[in-house]
Amino acid sequence: MPRHRKRRRVGHVPMCSLFKPAGIPAYDLEEVVLRIEEMEAIRLKDLVGLDQEACAERMGVSRPTFQRILVEARRKVAEVLIEGKALRIEGGAYHLDPEHLQCPRCQYSLIERGSYRCPKCEQVLSTDENGEP
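What you see is a predicted model; the values in this text were computed from it and never measured.

Asker: Looking at this structure, I do not really get the side chain of Glu38. What am I missing?
Answerer: Mapped onto the secondary structure, Glu38 falls in helix 1 (residues 36–48). Engagement of the side chain of Glu38 in a polar contact is seen with the backbone nitrogen of Arg35, the distance being 2.9 Å. A polar contact is formed between the side chain of Glu38 and the side chain of Lys76, at a distance of 3.0 Å. Residues within four places of Glu38 in sequence aside, it is in contact with Val33, Ile69, Glu72, Ala73 and Lys76.

Put into structure tokens, the structure is as follows:
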């Protein structure tokens, strides 16, 4: 029986959850699901520009685990771009890191541990892998 996946620390939950090629209805497209922790790995490494050790530390995983998450995330993004599929960002096993957390909607800096909604705009910020806050 496989082990339960450890929850990763995430500092940003994207406000947009679906990206698709222009001019094609979403119902005609195959979807690729990018988990929230995979999106966080791309954000930390490629957007923020941290080295892998710092990224791994921020997400609460080992460097080899961070590398596996990043490789899978980049593979999914490449598949979407090259094959013209839709990208849905959802799910995964994660929890919010209040030390590095900002609301994606209003950019409010959150500092409350265990908060599942932004206190300023009420955006839902965190779920477990079953979709529960």
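Asker: Can you help me understand the packing of helix 1 against helix 3 (residues 63–83) in this one?
Answerer: For any two helices packed against each other, one specifies the crossing angle of their axes together with the interaxial distance. For the pair helix 1 and helix 3, the least separation of the axes is 8 Å and the interaxial angle reads 95°. Classified by the angle between their axes, helix 1 and helix 3 sit roughly perpendicular to one another. Packed against helix 1, whose contacting residues are Glu37, Glu38, Ala41, Ile42, Lys45 and Asp46, the element helix 3 presents Phe66, Ile69, Leu70, Glu72, Ala73, Arg74, Lys76 and Val77 at the interface. Its residues placed into classes, the contact of helix 1 with helix 3 shows seven nonpolar, no polar and seven charged.

Asker: Sorry if this is basic, but what is going on with the pairing of strand 4 (residues 86–89) here?
Answerer: Along any regular strand, the residues point their side chains to alternate faces of the sheet. One ladder, built from two bridges, connects strand 2 (residues 18–19) with strand 4; its direction is antiparallel. Looking at the pairing, Leu18 lines up with Arg88 of strand 4. Here four bridges tie strand 3 (residues 31–34) to strand 4, and the two strands are oriented parallel to one another. When the sheet's bridge partners are listed, Val33 is paired in strand 4 with Arg88.

Asker: How should helix 3 be read in this particular structure?
Answerer: Helical geometry note: an α-helix holds 3.6 residues per turn, so side chains three or four residues apart project in the same direction. With 21 residues, helix 3 should cover 30 Å at 1.5 Å per step; its first-to-last C-alpha distance of 30 Å lies within 8% of that length. Within helix 3, burial applies to Thr65, Phe66, Ile69, Leu70, Ala73, Lys76, Glu79 and Val80. Directly beyond the C-terminal end of helix 3, a positive phi value near 65° is found at Gly84.

Asker: Honestly, the pattern of salt bridges in this entry has me stumped. Any pointers?
Answerer: Scanning the entire structure with this criterion turns up eleven salt bridges. Across the pair Lys76 and Glu38 runs a salt bridge whose closest N-O atoms are separated by 3.0 Å. Pair noted here: Lys76 is in helix 3 and Glu38 is in helix 1, with a separation of 38 residues, a long-range link. There is no split in this pair, since Lys76 and Glu38 are both buried.

About the cut-offs
- Residues numbered from 1 in each chain as written.
- Predicted model: local features only at pLDDT ≥ 70, side-chain atom pairs only at ≥ 80, totals over all residues.
- Heavy atoms only, no water.
- Helix = DSSP H or I, 4+ residues; strand = E, 2+ residues; numbered from the N terminus.
- Polar contact = N/O pair within 3.5 Å; in protein donor to acceptor, adjacent residues only side chain to side chain.
- Contact = heavy atoms within 4.5 Å.
- Axes fitted to C-alpha atoms, helices over the stretch in contact; angles between N-to-C directions.
- Parallel < 35°, antiparallel > 145°, perpendicular 65-115°, else oblique.
- Nonpolar A, V, L, I, M, F, W, Y, C, P; charged D, E, K, R; others polar.
- Pairing = 2+ DSSP bridges.
- Expected span 1.5 Å × (residues − 1).
- Buried < 20%, exposed > 50% of the residue type's maximum accessible area, 1.4 Å probe, protein only.
- Salt bridge = Lys/Arg side-chain N within 4 Å of Asp/Glu carboxyl O.

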